[in-house]
Each structure stands twice: as structure tokens, then as C-alpha cells.
Amino acid sequence: MLNYLIRRVLWMIPMLIGISLISFFIMHLAPGDITSTEAAFDPKSSEESRQKLRALYHLDKPIIVQYGLWLERIAHLDFGHSFASHQKPVFWQETDKDGNTTAGMIQEALPVTLTMNVIGLLLTLTLAVPLGVIAAKRYGHWQDRSITLFNFIGFSIPGFWLSLLLMYWLGVIHPWFPISGLHSLNYAQLDTWQRFQDLLMHLFLPVVIPAITGLAGVTMFVKNGMLDVLSQDFVTTARAKGLSDCTVTYRHALRNALLPLITLVGLSLPGLIGGSVIAETIFAIPGMGKLFYEAVMMRDFPVVMGILTIGSALTLMGNLLADLAYAWADPRLRRGVMPQR
Amino acid sequence: MTHRVIISLLCGALVACGADSGRQNNQTFAHITPAQTGGTLISAMPSDPSSMIGMVAGESASLAIGAYLFNSLLKYNQNLDLAGELAESWQVAADNKTITFKLKSGLQWADGKPLTSEDVLFTWQLVTDEKTHSPYASDYQLVTKAEAPDAQTFIVHYSQPFAPALESWASLQVLPKHKLAGQDIHTTSFAQKPLGSHYYQLKEWRHGEYLKLEKNPKSVLGPANIDTLVERIIPDPAAQFLELMADNIDSMNMDPITYARIIPSRPALQAQLNQYKELGNSYTYLGFNLKRKPFDDVRIRKAINYAIDKQEIIDGVYLGLGIAIASPYKPGTRWSNPQLTPYPFDPAKAKQLLAEAGYQDSDGDGYVERDGKTLSFEMLTNLGNKQREKTAVIIQRRLKEVGIDTRIRTLEWASLLTNFIKPGDFDAVVMGWGLGLDPDQYNIWHSSQQNPGQFNFIGYHNPVVDQLLEQGRLEFDPEKRMDIYHEFAKVLYEDSPLVYLSAGYGLTAIHKRVQGIMNPVPPAGVGYDSQKWFIPEPYRRPQIQAE
């Protein structure tokens, strides 16, 4: 097991280099760079200034040299500075000689996105598992049909449409929740408890809406998993042994039905880190999705590469954790099937 | 983004059928005089500024916030004539090569330190420094020598007269030497924690969320009325509008649908908001690649100009909120030649001109051809600008009616610029230009400005225009300059190197609690004297007052 773990962790290093190499080259395949953004198409700006800027950021060098320079920096865990956003540090805060700190862009955006998405995922799972189980248990009955109908609606409603609808109902007509942003304007004046409440109120709509739209998929996943398991021999055996319905469903069947869900959660990790462009734009939340989108549009290469690298590393770790969780949940893997994978 | 269209439609539908906002009440906002001080004004802007040093950041959000914090030597007055801001007076030497600025006395920064000509000199040195990467350095690099002989005097020397210089000194935001000396302008924390001299100073900046500006009691132009300005960063226009409806923001820039359809149909919103319309500082055009056939033939260019119904575009795309123009200058300003009128919509004349150029529909397929080749071209425009895309579609239909076959291609901005505009690989483009306040358009029209990355990418070459542009740069007398640029606009008009399509209006909604706004809107824009705006005490937001 330990050997396997070490091998997996070591294997992540060439994987990360490979991912970064591909990302770097694909990113540079897109036409243009930071000097060809809309602001640069101003007759008052000159071509000489743009050339100077290109030289400053080494954009005038061959791509392979640029990649080498990037790799050299990354080896020291230096993710560089943004081209676009006044050379803010990409990853972590920096302190200048006067003692003023400038926060890193990912450092600012990642906690926001992670908090939102983790709460959203927990909410989705908390609702989806019971709903999926009910739908499977009451297969063909009105409960199943209602849940299926709900799933259809969840699948087909575009997230941004639902967002605007709820923003209008719950923010304008009945002003219960803030419409956009993450903090109230008087946030600095609030005490700790009020700040917590303020944050929760602001997070309500951006968390609940993706959770509702994501609920449909997971519910169907759990339902189908349960249906599969419920028709298997060991469930019939368990029932034949006279175990109660509750024990059969929740102790024997559900545990097996949830195994694939671990993979699903593992696979959803990049989404948890990457954030959602549309939700973050609509709700004006300074998260990773918006940061990544803006960086791509601005051709802000250090930020794009920073997000991709950190995202890839976290994804690989997520996959590893998912595998470990799988091993924990499935005794067969613990008993030695896993090292042969 | 495509969802933007759906969002605007949805927003319209929501608003059209929804109930009145819970927060809107029937409060009427009586005009209260005299002006009062205090209160908070909350506005929305679509993107976070990257820095407070506009000259280095270069993007509009930074320049806009910087304009609240820093002063320039000169400014444009409400009629868009140059006036002094930090400068009390300025004098152009007889040979037009030296400008001497006399600063006002008693100027100071928000921290109480004196603001002197040393600061102006320092700012100029900073912008032109080899290590500084400012996109706007070129105008200031023409200064051969700058000096500050005493605290009140700033002198710049040019090797030859450069009339747009005055405009450049109205754009340069003066920075404090005592805060920035010895710092790297690109990494300094000053960009996040600035110190200015203007009406406001930055109090709090929550990145990606909002900026809070507080009144600067030491403002060199006297204090503003409103105590606090908040700029909330809300990228989505639909979310901005919902915030406006919920009374969480006081002002926003609108699109034509919101201005012309949604607000007028809602009495509650009308009772709450004032709407302002001002001619914007940009125009949309159909530009031809003049190095390609058949656009090297003026008859073809004119035929296309006559074949396009500009009013139809203004009505269809901008809901009537725009005007047709005949020169690249803002109508109503002295630089706009009043004798020129936009090319009328005249398909018969267009067909006649096409026939004169040898194009006729000989095979009856509806398209004109010459030497067996159909008159056909591709129009490029940038993705995400729905107004330009719709404009291209309307042009396509009108050109088809006179027998010209066109294809539309929308491209992501950087791709359009890098792959097509820079190498000159295009037939025609639907794009826009800003209407500068200085009439000099050398960079766009002079034949020397055609290299990749320069702005005369349509390849316009006209010795008369070249000469006029060169002359205009040397002439400081506004009256003589006006004659030069009127003539320049006339030559362009006759040559029709591009089709001026429309100049749109800037549309702003401001809550009625904000009073003291100039009405009618002066040529310099609705925000021209926003320091005089005030919010009477009974109309202020309770939660903000409590702060």
C-alpha cells in the first residue's frame, strides 16, 4: 500500500510536467498576446511601446525558451506575476521593502471558489443521496416519477436563467438576499458574527442555484446505482436472511451503490477548484472561474499557467484521494487488487 | 458571450411582466436647494481596475478611477475647450516649440505635502523612462527637454511644433514624487494604495468587489459635495440592472433596450430614475482594405456608401439612440465640419456607380460582376459585440439589393487583430474608432502609419490628407486648426475610404436622490461636474449613513 502510494505520488511529477507542457503550447497557439487586447488598439498607444512590453515579458523569444524560463521559475515554486493586473503575484502574497503586502491572485480567488463549491457539493450530495434512494426504492411509483420530473427540470433549466429569476424574486421583489457580490459595503464595520451572517447571505444564491442544477445528475446517478445493486444476488440473500428492509437498503445496498459516487466526487474536483465563469460573472464573485476566463481573454499567460498548474496538481491529488477512498470503501481493493492496477 | 443576449431578453421579459419592486416606494424626489454635503453615491462598473496608475495600466477602468484621484495640468471644460486644472495659465512660445505652464499656488497632496512643478517633471520623467512600459508614452517622448525652474513653473521643449501636445498634458495624471521616487512603477504598492490631489482618495479596495473613495478635504479644486463614492464591480449588465432596481446602486450605464424600452414601461422605475443621453465618443464604421481590389476604386467605395441605409442601422441596432455622421469628429464640436452631411441612402445611385465601374449583372443571378467575376467580399468583425454583428447583417442585406455579395465572419478580438488586421489580410471590417477630443488623427490616416501594428491598417494613402495632417500638428491656433481639419474631413468624405455608420449615445441612469446634475447634459458629458452633485439628507440610504 505504501509502495503504491509513493509510486503514485512520484508519477505525478512527470504527469504535471506533461500537462504544463501541453497547456503552455496550446495556450500559445491561440493568436495574440497581452499587447493585442482591446485596450492596446488605441491610436495613442504606439507599436514601440507594445514591442517593449513584449520584450519585458519575453514574448519575443521562441516558445520553447519561454517554457524553459517558466519551468525554471516553477522549480522554485515561483508562479510569476500577472501581465495584466499591475504585475500582481499570481499565486501567493508578496511584501515590498516598505512592508506593504500585495495578495496573490489565486490566493484571493481560490478560497472563495472552494468555499462556494464545497458547500454546494455537500448540499447536492445531502439532497441527492436520499432522493436517489427514494426514487430507486419507489421505482415506478409517484415518488419516483416526481423525482424524475424534478430531474428533467433540473437538467433542462439553464443555470444563468434560474440565477436571474431567483435574483429578481429573492433580491428585488422580496429583498431577502443580496443580489450580487460577496460582502456588504459596511463589511469592515461588522463584528465577527455579523460578518459570518453577511457572508452566508451573499453566498446563498450563488451556492444554492448550482446545487439545484447539479442535483439532477447526481440523483439519477444514485438512483441507477441503487437499482443495479438492489437487483443483485447479495441483496436477495440479505432479504432472504430476514434482515429488515432498512438494514438491507442502507447498510448493504447503499454502501455498494455509493462506490461509483466516490469516483464522481473525485472527478468533480477540478470543477471545485476551477469555479464557474457564468455563475461568478452573474453574481459578481471574484472567484477562480472569472479569474481564469479574464486571464485567457487578456492572454495573461502567467495567470493562466498558474491556475492550470495548481488545478492539475489538485486534480491529481483529488484522484489519488478518490482512489484511496475507494480502497477504504471497497474491501476487495484493500485485499491487494489495487497494486496490480 | 451568447448568454448575454438571452439575459437581456430575459431581463426585459422579467421586468415587463414582473410586479413592482418590493423596495420601490412612492417616494417623490423633490428638488432641494441649496446643495448639501455628505452621503454616499454607489455606481457600478464592469471590471476591476488593474492599478491606480492609469498611464501604466492603460485600461479604461484604471483611467476612470485615476480621474477621481489625480489631477492633470489641463482639462477640458464643459464645452470641450482646454482649461487649466493644476495649471493657472500656459503659454506657447512664438516658435510653437516651447510651452510654459504656471501652476496654481497652494496646491497640495492629500497628505498635506505641497504639489509643485517637481511632481509634474517627475511624472513626465517616469512616463518617458526607458524602464517604464507605458502604452501612452509616445506623445511625451517628443519632449526634448522638460524643466521645473521653480515650484510654480513647468516648461517643456519640443524639437518641432506639436499641437496635440496640449491635449497630452490634459491626459497625464500627475503623480506624487515624494511617494514614488526610487520605486519600480510596475510593482510599487502605490498602485494599490495611491495618494492623489483630486476630489477623492481611495479608502478601501476589495479586489473584484468594490472600491470605496472618500472625499479629499485638501482637494486642489475644492471639496466635492458627496462624501463617499463606491464603485461596485458587477460584470453582468443584467445583474447591474437588478441591483439598480433593488436600489442597491445609484447609477449605471445602460444599453439601448433598457433605456428605450424597459425603463419607460415601468412607472416605478421612472419615478426613481433620471435617464441621461449624451453623444458618445466613438463611431462604428465599415472600413475597406484599400490595397485590395475592388476597393482601390473610389466608385465602388462610394457605391457601397450609398447602398447602406445608416438610419436603418441606427434604428434597428441602437433603437434610434445614435446619429449618422459625416466626419470622424463628434458632431457639435468645433472640429466637426458642419457643411458635410452623411451619404444618403440611394440604391439607384449605388447601382449607377457600380455600372460606371464596369460592374453589371450579366448572368441574371442578382449579383453584379465584371470580367466574369462577381463583386463579393468578406466583412470581419469582433466576436461578442452584438451591435457590430447586427450592423454587419443589415449591411449584408442592403448590399445584396444592389448586387454585392458579402460574407460575415466574426472573430475573437485577439485573433482578429493578430491574424487579420496586423497582416492586412481582410477585405472589409466593421469596427469602431474613438472620437478624440484633440482633432489630430495622424496615427489613423497618415500614409506613414501602415506598418503592422500601426493604425492606418486599411492602407489609406492620400498626399493631400497627409499634408493636412502634418499641417494640423504644427498649428496651435484653434481657428486655423479648425479650418485644416474641416478640409481634412472634406477630403476624406469625398474619398470615402470607409463608411461612417453611426455614433451611438452613451446612456446613463442615475437615481433621483442624486441632485445637482447639469441638465441638459453638456458636451463634456453627464459626469462633467460630478463634484457638484449632492444627495439631500432625507433621501440618503439609512444603512450607509449608519457607517
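These numbers come from a predicted model, not from an experiment.

**Some details on the overall build of chain A**
Within chain A, the secondary structure is distributed over 15 helices and two strands. Each principal axis of the C-alpha distribution contributes one length, and for chain A these read about 85 × 60 × 40 Å. With 341 residues in all, chain A has 45% of them scored as buried. Taking contacts inside chain A between residues at least 6 apart in sequence as the whole, the part at least 24 apart equals 66%. Working note: accessible area of chain A is about 17,100 Å², and carbon and sulfur atoms make up 69% of it. Here chain A contributes 25 positive and 23 negative side-chain charges, whose respective centroids are spaced 13 Å apart.

**Describing the packing of aromatic side chains**
Tallied over the full model, the rule gives 34 aromatic pairs over all chains. Look at Y67 of chain A and W70 of chain A: their rings are 5.9 Å apart centre to centre, the planes differ by 25°, and that puts the pair in the stacked class. Here W70 of chain A and Y67 of chain A lie together in helix 3 (residues 63-75), a separation of three residues that amounts to about one turn. W70 of chain A matches Y67 of chain A in its accessibility class, with the two residues each being buried. An aromatic cluster is built from Y283, Y285, F426, W433, F455, F457 and Y500 of chain B, whose rings are joined through pairwise contacts. One Lys or Arg, R195 of chain A, reaches over the ring of Y187 of chain A and ends 5.0 Å from the middle of that ring.

**Topic: the UniProt feature "transmembrane region" (unreviewed entry) in chain A**
All names here are of chain A. According to UniProt, the positions carrying the feature "transmembrane region" (unreviewed entry) are residues 9-30, 114-136, 148-170, 199-222, 258-285 and 305-329. This span, residues 258-285, is 75% helix and 0% strand, and a straight line between its end C-alpha atoms measures 33 Å. Structurally, residues 305-329 comprises 100% helix and 0% strand, and the distance from its first C-alpha atom to its last is 35 Å.

**Describing the pairing of strand 1 (residues 40-45) of chain B**
All names here are of chain B. Most of strand 1 sits out of view: six of its six residues are buried. Pairing between strand 1 and strand 10 (residues 228-233): six bridges, direction parallel. Among the inter-strand pairings, L41 is bridged to a residue of strand 10, identified as L229.

**Concerning the interface of chain A and chain B**
Listed as interface residues are 60 residues of chain A and, on the opposing side, 79 residues of chain B. Surface buried jointly by chain A and chain B totals about 5,800 Å² across both partners, of which 60% is contributed by carbon and sulfur atoms. Scanning the region where chain A abuts chain B turns up one salt bridge. With a closest N to O distance of 2.7 Å, R299 of chain A and E412 of chain B form a salt bridge. Counting across the chain A and chain B interface gives 14 residue pairs in polar contact (both at pLDDT 80 or more). Grouping the constituent residues of the side of chain A that touches chain B by class yields 27 nonpolar, 19 polar and 14 charged.

**Focus: the nonpolar core**
Residues and elements named next belong to chain B. Grouped together as the largest cluster of nonpolar side chains are 75 residues, with contacts concentrated most on L286, I304, W445 and F457. Broken down by element, the residue count for this core peaks at eight residues, all from helix 18 (residues 478-495). Among all residues touching W445, those that are not within four sequence positions of it are Y283, P328, N456, I458, Y460, V465, D466, L469, F488, L492, P497 and L498. Core analysis: the next-biggest nonpolar cluster, separate from the first, contains 71 residues, M45, A87, V120 and A191 among them.

**A short note on the packing of helix 6 (residues 159-173) of chain A against helix 8 (residues 237-245) of chain B**
Contact geometry for helix 6 of chain A and helix 8 of chain B: axes closest at 10 Å, N-to-C directions at 15°. Judged by the angle between their axes, helix 6 of chain A and helix 8 of chain B are roughly parallel. The handedness of the crossing between helix 6 of chain A and helix 8 of chain B comes out as right-handed. Contacts between helix 6 of chain A and helix 8 of chain B pair L164, M167, Y168 and V172 of chain A from the former with A238, A239, L242 and M245 of chain B from the latter. A breakdown of the residues in the contact of helix 6 of chain A with helix 8 of chain B according to their chemical character gives eight nonpolar, no polar and no charged.

**Some words on the sheet that holds strand 5 (residues 98-103) of chain B**
Residues and elements named next belong to chain B. One open sheet accounts for four strands, arranged 4-5-7-6; its pairing is antiparallel. The strands lining the two open edges of the sheet, one partner per strand, are strand 4 (87-92) and strand 6 (143-150). Adjacent strand axes in the sheet meet at a mean angle of 15° when their direction is disregarded. Bridge count between strand 5 and strand 7 (residues 153-158): five bridges; the pairing is antiparallel. Directly across from I99, in strand 7, lies its bridge partner V156. Across the sheet, helix 4 (residues 117-128) lies against strand 5, strand 6 and strand 7, angled at about 160° from strand 6, the strand it touches most.

**Some points on a nonpolar patch on the surface**
Residue and element names in this part refer to chain A. Taken together, the side chains of L2, I6, L10, I13, I17 and L71 present a nonpolar region at the surface, about 550 Å² in accessible area. At five residues, the largest contribution of residues to the nonpolar patch is made by helix 1 (residues 2-29). The topology assignment puts I6 in helix 1.

**Description of the confidence of the model for chain A**
Confidence in the prediction for chain A averages 86 pLDDT; 96% of positions are at 70 or higher. At the low end of the mean pLDDT range in chain A sits helix 15 (residues 331-337) of chain A, at 61; at the high end sits helix 6 of chain A, at 93.

**Re the domain arrangement of chain A**
Residues and elements named next belong to chain A. Under the domain assignment used here, chain A contains domain 1 (2-102) and domain 2 (109-334). Taken together, the contacts link 29 residues of domain 1 with 21 residues of domain 2. In total, domain 1 and domain 2 occlude about 2,200 Å² of area from one another, counting both sides; carbon and sulfur atoms represent 80% of this. On the domain 1 side of the contact with domain 2, R8, M12 and M27 bury the most area, a combined 23% of that side's loss. At the boundary of domain 1 with domain 2, the tally comes to one salt bridge. For R8, the salt bridge is made with D323, and the minimal N-O distance between the two is 2.5 Å. At the surface where domain 1 touches domain 2, the tally comes to four residue pairs in polar contact (both at pLDDT 80 or more). In terms of residue count, helix 1 provides more of the side of domain 1 that touches domain 2 than any other element does, 13 residues in total.

**What to know about the pattern of salt bridges**
Pairs can form between side chains of opposite charge once their charged atoms are near each other. Residue and element names in this part refer to chain A. Here the structure, examined in full by the defined rule, presents 36 salt bridges over all chains. K290 is the partner of E294 in a salt bridge, and the nearest nitrogen-oxygen pair spans 4.0 Å. Taken together, the positions of E294 and K290, both in helix 13 (residues 288-298) and four residues apart, correspond to about one turn of that helix. Residue class for K290 comes out buried when judged on its relative accessible area of 7%. Bridged by salt links that share partners, the residues D33, E47, R50 and R54 form one connected network.

Conventions used here
Residues numbered from 1 in each chain as written. Chains lettered and ligands numbered in written order. Predicted model: local features only at pLDDT ≥ 70, side-chain atom pairs only at ≥ 80, totals over all residues. Heavy atoms only, no water. Helix = DSSP H or I, 4+ residues; strand = E, 2+ residues; numbered from the N terminus. Buried < 20%, exposed > 50% of the residue type's maximum accessible area, 1.4 Å probe, protein only. Contact = heavy atoms within 4.5 Å. Areas by Shrake-Rupley, 256 points an atom, 1.4 Å probe, with all protein chains shown as cover. Lys, Arg positive; Asp, Glu negative; His and termini not counted. Charge placed at Lys NZ, Arg CZ, Asp CG, Glu CD. Phe/Tyr/Trp six-rings, centres within 6.5 Å; stacked < 30°, edge-to-face > 60°. Lys NZ or Arg CZ within 6 Å of the ring centre and 35° of its normal. UniProt positions renumbered as here; feature names shortened; annotations may be inferred. Pairing = 2+ DSSP bridges. Buried area = accessible area lost by both parts, 1.4 Å probe. Salt bridge = Lys/Arg side-chain N within 4 Å of Asp/Glu carboxyl O. Polar contact = N/O pair within 3.5 Å; in protein donor to acceptor, adjacent residues only side chain to side chain. Nonpolar A, V, L, I, M, F, W, Y, C, P; charged D, E, K, R; others polar. Core = buried A, V, L, I, M, F, W, Y, C linked by side-chain atoms within 4.5 Å. Axes fitted to C-alpha atoms, helices over the stretch in contact; angles between N-to-C directions. Parallel < 35°, antiparallel > 145°, perpendicular 65-115°, else oblique. Left-handed = near helix turned anticlockwise from the far one by under 90°. Patch = residues over 30% accessible without salt bridge, like charges linked within 9 Å, V, L, I, M, F, W, Y side chains within 5 Å. pLDDT = per-residue confidence, 0-100. Domains from an automatic or database assignment.

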